[in-house]
Amino acid sequence: MPEMQKGIQYVDSHTHQQTGDVSVIAIRNLIVGHDPESPDAFPFCSVGVHPWYWRKADMGQLRAWAGHPSVKAIGECGLDRLTDTPLAGQWPVFRQQIALSEAVQKPLIIHCVRAFPEIVAEHKAQQPTQPWVMHGFNNRQSFLDLMLDAGLYISLGAALLRADSPASAAIARIPADRLLLETDDKSLSISAVYADAAGRLGWSLPELAAQVRANAGTVFGV
């Protein structure tokens, strides 16, 4: 596993892990109704109702947390065709979080499984003023093109470490100013993701870290 290089500031745009490493700016995801912590426990976090846990959703709690200064984004939220809830049940909770993102003027982190056209169509219909981040992207080029055309930011994670993954092919197509990197729920160091991404792009690690840091500043204000 690559070691953290001294003097480099890494941004982990979406993680379910805790880190005490001062070289990492981590956006810790809190799933309302599932995770026991509150935004008070983290310097930076996102809060949302994941489509897997929408039945436990406490939208009042989500709205109360949304304005917390540690909360830098709403989500992850979205649509998932592989969970046991039909999309018809997921849509209302997703749309409430889109509206909340706009109300509190914070970006939206998207979870999407087999619903990319629906997500892009909703973005077009809603015309949000806040950035949308497609987290953990690892799918076909045609879906990537749809999201890039819609103006979404793309966050890549552990799939980059597999040479034959769609994510490893996608990274060269993502505009530099719309790329983010993450660990999600995987037990790996964010430095491994950055090292692989830098190698695939032919960039130095400091160059990549500076670009992602600037992107995170634009999206999350961190």
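A count of helices and strands for the protein chain gives seven helices and eight strands. Its C-alpha atoms give the protein chain a radius of gyration of 16 Å, near enough to 17 Å, the size a compact globule of 222 residues would have. Taking the principal axes of its C-alpha atoms as reference, the protein chain extends roughly 45 × 40 × 30 Å. Out of the 222 residues in the protein chain, the part that is buried amounts to 53%. The contacts in the protein chain between residues at least 6 apart in sequence include a share of 63% that link residues at least 24 apart. Seen as two clouds, the 18 positive and the 22 negative side-chain charges of the protein chain have centres 4 Å apart.

So, about the pairing of strand 5 (residues 108-113). Extensive coverage of strand 5 is indicated by the burial of five of its six residues. As paired strands, strand 4 (residues 71-80) and strand 5 are joined by five bridges and run parallel to one another. Pairing of leucine 79 across the sheet is with cysteine 112, part of strand 5. In this region the chain leaves strand 4, passes through helix 2 (residues 87-104) and returns to the parallel neighbour strand 5; the handedness of that crossover is right-handed. As defined by bridge partners, strand 5 adjoins strand 6 (residues 132-134) across three bridges and the pair is classed as parallel. Within strand 6, the position partnered with leucine 108 by the bridge is tryptophan 132. This β-α-β element, strand 5 to helix 3 (residues 116-126) to strand 6, shows right-handed connectivity.

Further remarks concern helix 3. Every buried residue belonging to helix 3 is among Phe116, Ile119, Val120, Glu122 and His123, and all of these are buried. The arc that holds the buried residues of helix 3, viewed along the axis, is 160°, so those residues lie on one side. Facing away from the buried side of helix 3 by more than 90 degrees, the exposed set consists of Lys124 and Ala125. Where helix 3 is buried, its residues touch strand 4, helix 2, strand 5, strand 6 and helix 4 (141-150). Two residues or fewer after helix 3 comes glutamine 127, characterised by a positive phi angle close to 50°.

Attention shifts here to the pairing of strand 7 (residues 153-156). Judged by which residues are buried, strand 7 turns out to be covered on both faces: Tyr153 and Ser155 on one side and Ile154 and Leu156 on the other are all buried. Pairing of strand 6 with strand 7 involves two bridges; the strand directions are parallel. Following the sheet pairing, valine 133 is matched in strand 7 by tyrosine 153.

Working definition: an aromatic ring pair is given by the centre-to-centre distance plus the angle between the planes. For the coordinates displayed, the defined rule picks out six aromatic pairs. Taken together, a centroid distance of 6.3 Å and an interplanar angle of 65° make the contact between tryptophan 52 and tyrosine 53 edge-to-face. Within the aromatic cluster, the residues linked to one another by ring pairs are Trp91, Phe94 and Trp132.

Here we take up empty space enclosed by the protein. In total, this model carries one cavity of 30 Å³ or more according to the counting rule given. The computed volume of the largest cavity comes to approximately 40 Å³. Around the largest cavity sit Val49, Pro51, Trp54, Gly78, Gln90, Val93, Phe94 and Gln97, which together line it. Sort the elements by how many residues they give to the lining of the largest cavity and helix 2 lands first, with four residues.

Okay, the layout of surface pockets next. In this approach, a probe sized like a water molecule rolls over the atoms, and the result shows the empty space that is left. Within this model, the largest pocket holds a volume of roughly 690 Å³. Along the wall of the largest pocket there are 30 residues; nearest its centre are His111, His135, Gly136, Asp184 and Lys186. Listing elements by their share of the lining of the largest pocket, those giving two or more residues are strand 2 (24-31) and strand 5. By residue number, the principal contributor to the lining of the largest pocket is strand 5, which donates four residues. Of the residues in the lining of the largest pocket, the class split is 12 nonpolar, nine polar and nine charged. Empty space within the second largest pocket amounts to approximately 180 Å³. Thr15, Gln17, Gln18, Thr19, Asp21, Val24, Ile25, Ala26, Arg28, Phe42, Pro43 and Phe44 are the residues that line the second largest pocket.

The rules we used
Residues numbered from 1 in each chain as written. Predicted model: local features only at pLDDT ≥ 70, side-chain atom pairs only at ≥ 80, totals over all residues. Heavy atoms only, no water. Helix = DSSP H or I, 4+ residues; strand = E, 2+ residues; numbered from the N terminus. Rg over C-alpha atoms; globule rule 2.2 N^0.38 Å. Buried < 20%, exposed > 50% of the residue type's maximum accessible area, 1.4 Å probe, protein only. Contact = heavy atoms within 4.5 Å. Lys, Arg positive; Asp, Glu negative; His and termini not counted. Charge placed at Lys NZ, Arg CZ, Asp CG, Glu CD. Pairing = 2+ DSSP bridges. Right-handed = clockwise from strand over helix to strand, strands pointing away. Arc of directions from axis to C-beta. Phe/Tyr/Trp six-rings, centres within 6.5 Å; stacked < 30°, edge-to-face > 60°. 1 Å grid on protein atoms, 1.4 Å probe; cavity = no way out; pocket = protein on both sides within 12 Å on 5 of 7 lines; lining within 4 Å. Points joined across faces, edges and corners; volume = space filled by probe spheres on them. Nonpolar A, V, L, I, M, F, W, Y, C, P; charged D, E, K, R; others polar.

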